[in-house]
Amino acid sequence: FCFHADLSLPTDGRQSLAPCPLSPELHSLMPQAMKSDSGPLPDYRHPARFQKLTFLGTSSASPTKTRNVSSCALSLADGDVWLFDCGEGTLRQMMHANLSYSKISKIFLTHMHSDHCLGLPGLLCSLGHAKLHQPFEESTTFGLATAPHTCADAPEHPLQANGVASEAQGSSTVPVVDIYGPWTVGQFLRTTLCLTHSDLPIKYRVHEAVPEHVTNAELQEYQQQRAHTSELRPRFYRATKHQYSFIPGSRCDPQVHAAELQHHPGVFCIGYAIQEPPRPGKLDIQALKSLGVPKGPMFQRLKNGESVTLDTGLTVRPDQVVTTSSPGRKAILLGDTCNSQHIVPLALGADIVVHESTFDDATQGLAVPKGHSTARMAGTFARAIEAKSLVLTHFSARFCASRTKGRVVPKNGVDYSGEPVNKRAKVQRYAMTDAEMVAPMVSQARESFGSDNVVAASDLMTLVFTADGMAPGPGWSVVQHPSSQPDPKPGPEP
């Protein structure tokens with residue numbers, strides 16, 4: 001079968017990053033692959049650290065006037081953009097957010113509900129031409145391979161001459177977009193691209209998390225599907241304790257693990273744990289002088305984890321002149337869920353958790369039967385994993401400003417702020433903003449989380465990462481895009 005070589009958590013002795021200090025009980029639950037790092041690698045690339053997280057869609061199921069369906073973009077310091085979920089309209093949201101979609105290198109889907117994936121085929125079409133700086137034109141060729149190639153026969157490399165992919169004319173390199181997601185995401189893509197006659201100028205590779213109930217025979221049959229002309233050989237990942245290791249990470253690359261989430265029965269859903277590369281230690285200048293290391297390239301080589309040999313024949317190791325590296329930050333981005341127990345070991349000590357908050361306390365009876373969470377459930381999860389901060393998203397349309405035509409006073413004579421009102425007085429009518437609608441949910445999450453580090457996401461809102469940390473205040477700045485600001489409230493009715 002066309003299995004990826006690394007189907008489970010790393011077992012080759014390579015260990016990944018250590019979380020922030022945790023209680024011994026919680027630290028014992030963390031997989032060994034995420035507890036420590038075996039040391040820096042001789043790689044001179046700039047580490048791909050988190051730069052900002054932009055929310056492109058924060059509505060559940062259907063868009064509203066102020067919220068699009070699910071998607072968010074993680075911008076890395078090396079210029080790449082990682083997209084998480086891709087609901088319909090995501091490409092246009094990226095334009096509004098001034099994010100270059102040509103920078104997208106990886107796309108991660110949590111599950112195959114339409115509000116999380118329908119924007120992907122169109123995004124790939126535009127992305128292909130943007131990466132090659134070509135204008136978009138409708139394809140005149142059918143998307144299926146001209147020869148009867150199956151997924152298992154698809155080429156492994158984008159420049160491979162045989163198979164379904166071939167080298168682009170006049171180009172020595174062909175851009176490749178990696179797409180990670182649950183079982184059947186590849187089938188969804190090739191079916192949609194083929195039926196819409198979409199022939200991409202780039203190549204894409206699908207990485208699929210295979211549920212435990214899928215047998216090897218079913219997987220082999222799945223790989224006999226006709227491949228798309230732009231598709232590279234897919235890779236499949238089997239779970240270890242309901243967890244998947246997608247990207248093992250390195251000194252310069254973030255690592256990505258995933259775990260199963262409980263959503264609707266029969267809907268396979270996963271959440272992602274992304275951790276930065278470790279922050280390298282600082283050079284000990286006094287130790288360098290005492291060992292006689294001359295200023296110049298040797299300093300950088302030592303900081304990058306290489307041993308150097310001086311003219312005197314003395315070999316200097318990095319651990320002699322470089323302080324201990326510190327772990328990178330960890331971000332947890334969950335899909336739709338009413339139970340996230342399988343991702344707990346991966347999420348321990350997270351700097352930021354993005355958790356769905358479809359319902360509030362008043363509608364909590366709808367949450368679990370529909371496979372969703374309340375704001376209070378999100379806060380409880382963040383507290384259980386000892387997270388530093390929590391972002392609520394995926395709000396039901398009932399909590400969006402467009403569904404509120406005015407400030408309506410309930411029968412008990414108490415308005416939304418909790419203050420009694422004079423029923424005889426003329427009620428001031430205005431449209432409530434999204435922030436006002438979800439403010440009670442933020443309070444509920446803060447109460448169960450035991451921390452004030454909770455914010456409600458809005459479309460085009462950006463969280464900027466800094467070197468100081470992730471908590472709201474120092475190290476975490478919230479930037480609202482101008483187009484996401486609410487209109488001024490009108491005055492009293494005449």
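Residues numbered from 1 in each chain as written. Predicted model: local features only at pLDDT ≥ 70, side-chain atom pairs only at ≥ 80, totals over all residues. Heavy atoms only, no water.

*Asks:* Hey, could you run me through the pattern of salt bridges in this one?
*Replies:* Proximity of charged atoms lets side chains of opposite charge pair with each other. Counting across every chain of the model gives nine salt bridges. In this structure, Arg329 engages Glu276 in a salt bridge whose closest nitrogen and oxygen atoms are separated by 2.8 Å. Linking Arg329 in the loop between α9 (318–321) and β13 (330–333) with Glu276 in the loop between β10 (269–275) and α7 (285–291), this pair joins segments that are 53 residues apart in sequence. Pair check on accessibility: Arg329 and Glu276 agree, each one buried. Ionic pairing is found between Arg301 and Glu306, a salt bridge with its closest N-O pair at 3.9 Å. Under the relative-accessibility criterion, Arg301 is labelled partly exposed at 32%. Each of Glu276, Arg279 and Arg329 takes part in one network of salt bridges that share partners. (Salt bridge = Lys/Arg side-chain N within 4 Å of Asp/Glu carboxyl O. Helix = DSSP H or I, 4+ residues; strand = E, 2+ residues; numbered from the N terminus. Buried < 20%, exposed > 50% of the residue type's maximum accessible area, 1.4 Å probe, protein only.)

*Asks:* Could you clarify how one ought to interpret the side chain of Asp336 in this entry?
*Replies:* Tracing the backbone shows Asp336 in the loop between β13 and α10 (344–347). Buried and unpaired, Asp336 has Lys370 as its nearest opposite-charge partner, separated by 12 Å. A distance of 3.3 Å separates the side chain of Asp336 from the side chain of His116, its partner in a polar contact. Side-chain polar atoms of Asp336 contact the side chain of His263, separated by 3.5 Å. In this structure, Asp336 is in contact with His111, His116, Leu261, Gln262, His263, Cys269, Glu356, Gly371, His372 and His394, ignoring residues within four places of it in sequence. (Lys, Arg positive; Asp, Glu negative; His and termini not counted. Polar contact = N/O pair within 3.5 Å; in protein donor to acceptor, adjacent residues only side chain to side chain. Contact = heavy atoms within 4.5 Å.)

*Asks:* How do you make sense of the pairing of strand β2 (residues 71–76) when you look at a structure like this?
*Replies:* The two faces of a sheet get side chains in turn, since along a regular strand they alternate between them. β2 sits mainly inside the fold: six of its six residues count as buried. Side-chain alternation along β2 places Ser71, Ala73 and Ser75 on one buried face and Cys72, Leu74 and Leu76 on a second face that is also buried. The pairing of strand β1 (residues 50–57) with β2 spans six bridges and is classified as antiparallel. Across the sheet, Phe50 pairs through a bridge with Leu76, a residue of β2. Relative to strand β3 (residues 81–84), β2 runs antiparallel, the two sharing four bridges. Among the inter-strand pairings, Ser75 is bridged to a residue of β3, identified as Val81. Connecting β2 to the next strand, β3, in antiparallel fashion are four residues, including Gly79 with a positive phi near 100 degrees. (Pairing = 2+ DSSP bridges.)

*Asks:* For this particular structure, what's the right way to read unusual backbone geometry?
*Replies:* Negative phi is the rule for most residues except glycine; trans is the rule for most peptide bonds. Non-glycine residue Ala61 carries a positive phi angle of around 70 degrees. The topology assignment puts Ala61 in the loop between β1 and β2. We classify Ala61 as exposed; its relative accessible area is 55%. The phi angle at Lys241 is positive, at roughly 55 degrees, despite the residue not being glycine. Structurally, Lys241 is set in the loop between β7 (235–238) and β8 (243–247).

*Asks:* Looking at this model, I keep getting lost on helix α12 (residues 434–449). Mind explaining?
*Replies:* Note: α-helices contain 3.6 residues per turn, so residues at a spacing of three or four share the same orientation. Look at α12: 22 Å from first C-alpha to last across 16 residues, which is about the 22 Å you get at 1.5 Å a residue. For α12, the full list of buried residues reads Asp434, Met437, Val438, Met441, Val442, Gln444, Ala445, Ser448 and Phe449. Against the buried residues of α12 lie α11 (375–384), β15 (390–393) and β16 (454–456). (Expected span 1.5 Å × (residues − 1).)

*Asks:* Explain the environment of Arg251 here, please?
*Replies:* Tracing the chain through its elements places Arg251 in the loop between β8 and β9 (255–261). Linking Arg251 and Ala48, residues 203 residues apart in sequence, is a C-alpha distance of 9.2 Å.

*Asks:* Just to check I follow, could you spell out the sheet that holds β9 for this structure?
*Replies:* Each strand in a sheet pairs with its neighbour through backbone hydrogen bonds, running either in the same direction (parallel) or in the opposite one (antiparallel). Read from one edge to the other, the open sheet built from seven strands follows the order β8-β9-β10-β13-β14-β15-β16, with strand pairing classed as mixed. At either end of the open sheet lies a strand with only one pairing partner, and these are β8 and β16. Direction aside, neighbouring strands of the sheet carry axes that sit 20 degrees apart on average. Judged from the three bridges that link them, β13 and strand β14 (residues 352–356) form a sheet pairing that is parallel. Opposite Ala331, over in β14, you have Ile352 as the bridge partner. Set on the sheet, α11 makes contact with β14 and β15; between it and β15 the angle comes to about 155 degrees. Sitting on the sheet, α12 touches β15 and β16, and the angle it makes with β16 is about 155 degrees. (Axes fitted to C-alpha atoms, helices over the stretch in contact; angles between N-to-C directions.)

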